[in-house]
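# Examining the three-dimensional arrangement
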Amino acid sequence: MLPKTRTPESRRMITLEVRGTTKPTPAFSVITLGGPELEHLKPMGFDQTVRLFFPREGQEGLRMPRLSSEAWMAELLLLPKSRRPWVRNFTIRRARPELGEVDIEFALHGDTPASTWARRARPGDPAGIFDMGLTYLPPAHAEWQLLAGDESAVPAILAILEHAPASLVAEVFLEVPGADDIRTDIAAPDGVRVRWLARDGADTLPGSLALDAIKESALRPGRFYTWVAGEAALATGVRRHLVRDRGVPKSDIAFFGYWRHGRSSPG
């Protein structure tokens, strides 16, 4: 079953350029993208996901698809690799439409294409986005929420918390590579409790600390909505635990395997 998604009524390919980079912590990098074409993006807040297009190493420019429907995938596959850009899914960390800017936050891991590009990105470098909409869709009957993810989902969850209503009640589990990656300045409603879990070099599968912490937690009473993302075993493990061990309806759980350990790394 495909995850529920809320997509904007109209979408188009948006070509941008890098305006700046910052590093909030050692394992994360924020790339600011901007340009006049951002007037065509409707900021939706929360976990607004975009397809990010960026050049492969050695390419002089960025070849964006001309089609603004899902047919763009076939269009790109017809191009030789020498002209085809990289495409990855990312969350808009923050949007500043008045300045024509958006921030995309990367979890930096190894030499993956996105991490390599993020480390090398400089002002003026080309990039592009295609809006994919939202997957964070809490139902009206939820009395509280459970949000969980490894570093690949940290940007999305922080964006959710920053756009959440002041009445939000939530338990949040965020796993990061090291203690230096724990944020102390996040904005969240008073009813939100955030628990950071740092692997700190431990030889454990990414996401396992968050999964174990959820299993061992005495969760709040009442019906709740879960949004969990990250390494595939974390996403499926949380869903399996909640359904089998806690009797949570499957319809109240949104889960997303962003990546799989041993095959690909986040960012």
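Please refer to the structure higher up on the page.
This structure is a prediction, so every number in the text was calculated from the model and none was measured.

### Quick notes on the pattern of salt bridges
This model, assessed by the stated rule, comprises 15 salt bridges. The shortest N-O distance in the salt bridge between Arg93 and Glu162 comes to 3.1 Å. Taken together, the positions of Arg93 in strand β4 (residues 86-96) and Glu162 in helix α3 (residues 154-163) put the pair 69 residues apart, joining distant regions of the chain. Given the relative accessible area of 4%, Arg93 is considered buried.

### Section: the pairing of β4
When strand β3 (residues 49-54) meets β4, the two strands line up antiparallel, connected through six bridges. From the neighbouring strand, Arg51 faces β4, where its bridge partner is Asn89. Remark: four residues form the turn of the hairpin made by β4 and strand β5 (residues 101-107), two consecutive strands paired antiparallel; Gly100 in that turn has positive phi of roughly 65°.

### Looking at the nonpolar core
Formed by 25 residues in total, the largest nonpolar core has its most connected members in Leu147, Val154, Ile157, Leu161, Val172, Leu174 and Trp227. Here the element with the most residues in this core is α3; it accounts for six residues. In this structure, Leu16, Leu108, Ala114 and Ile129 belong to the second largest nonpolar core, which totals 22 residues.

### Points about the environment of Asp203
Structurally, Asp203 is set in the loop between β9 (192-198) and α4 (208-216). As for Asp203 and Arg260, which are separated by 57 residues in sequence, their C-alpha atoms are 16 Å apart.

What counts, and at which threshold
- Residues numbered from 1 in each chain as written.
- Predicted model: local features only at pLDDT ≥ 70, side-chain atom pairs only at ≥ 80, totals over all residues.
- Heavy atoms only, no water.
- Salt bridge = Lys/Arg side-chain N within 4 Å of Asp/Glu carboxyl O.
- Helix = DSSP H or I, 4+ residues; strand = E, 2+ residues; numbered from the N terminus.
- Buried < 20%, exposed > 50% of the residue type's maximum accessible area, 1.4 Å probe, protein only.
- Pairing = 2+ DSSP bridges.
- Core = buried A, V, L, I, M, F, W, Y, C linked by side-chain atoms within 4.5 Å.

So far we have only geometry, and geometry alone does not tell us how the molecule works.
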